[in-house]
Amino acid sequence: MKQNRYILLVQRDPSQREATRSLLEQAGHHVTSAADGVAALALAAKAARPYDAAVIDLSLPGLSGLEVAHRIRATPGGAGAPLVCVAPGDLEGRQRAAFERWFTACVAEPVARTRLLETLARVMDGRETHPHAV
């Protein structure tokens, strides 16, 4: 995986957000983070360049992670970026159908560090272009 990629991290829990941010930065990436969907969309709208990927918590306050995924495509920062969802366990039924439409990949909570890095490597390098739960 190339280093120095630009990643948007949208995660509701402050301690998990900081731990994930630290992990991604230690891997050599530039990370912009938000605690909710409204803030994430504002960041993506003002982004100087497109993000290489976005990691989006499905259980966000206010706008859901699915709504953020839907809307982020219309922003300069989100257009074309592969989206990775962070989901609380298995996706079923309606959630799975929405996931398959909007996300390139998904990792289950609690997020395993190596799993997240491997998933991001696959989606950013174009090795995974269809929805796939991991």
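The structure displayed is predicted, hence computed values, not measured ones.

Enquirer: Sorry, what's going on with the overall build of the protein chain here?
Expert: In terms of regular secondary structure, the protein chain is built from five helices and five strands. From first element to last, N terminus to C terminus, the protein chain shows the α and β order β-α-β-α-β-α-β-α-β-α. Looking at the 134 residues of the protein chain, the share that counts as buried comes to 46%. For the protein chain, contacts bridging at least 24 residues in sequence account for 65% of all contacts bridging at least 6. Of the roughly 6600 Å² that the protein chain leaves accessible, carbon and sulfur atoms contribute 50%.

Enquirer: Before we go on, may I ask you to explain the packing of helix H1 (residues 14-26) against helix H5 (residues 113-124) in this structure?
Expert: Between two packed helices, the angle of one axis relative to the other and the distance separating the axes together describe the packing. It is at 11 Å that the axes of H1 and H5 come closest, and there the two elements cross at 55°. With respect to H5, the axis of H1 lies oblique. Where H1 crosses over H5, the two elements pack in a sense that is right-handed. Residues Ala19, Thr20, Leu23 and Leu24 of H1 touch H5, and the partners they reach there are Arg113, Leu116, Leu117 and Leu120. Among the residues making up the contact of H1 with H5, the classes are represented as six nonpolar, one polar and one charged.

Enquirer: Explain the pairing of strand E2 (residues 30-34) here, please?
Expert: Looking along a regular strand, one sees side chains alternate from face to face of the sheet. Where strand E1 (residues 6-10) lies against E2, five bridges are found, and the strand directions are parallel. For tyrosine 6, the partnering residue across the bridge sits in E2 and is histidine 30. Regarding topology, H1 serves as the crossover connection from E1 to the parallel E2, and that connection is right-handed.

Rules and cut-offs
- Residues numbered from 1 in each chain as written.
- Predicted model: local features only at pLDDT ≥ 70, side-chain atom pairs only at ≥ 80, totals over all residues.
- Heavy atoms only, no water.
- Helix = DSSP H or I, 4+ residues; strand = E, 2+ residues; numbered from the N terminus.
- Buried < 20%, exposed > 50% of the residue type's maximum accessible area, 1.4 Å probe, protein only.
- Contact = heavy atoms within 4.5 Å.
- Areas by Shrake-Rupley, 256 points an atom, 1.4 Å probe, with all protein chains shown as cover.
- Axes fitted to C-alpha atoms, helices over the stretch in contact; angles between N-to-C directions.
- Parallel < 35°, antiparallel > 145°, perpendicular 65-115°, else oblique.
- Left-handed = near helix turned anticlockwise from the far one by under 90°.
- Nonpolar A, V, L, I, M, F, W, Y, C, P; charged D, E, K, R; others polar.
- Pairing = 2+ DSSP bridges.
- Right-handed = clockwise from strand over helix to strand, strands pointing away.

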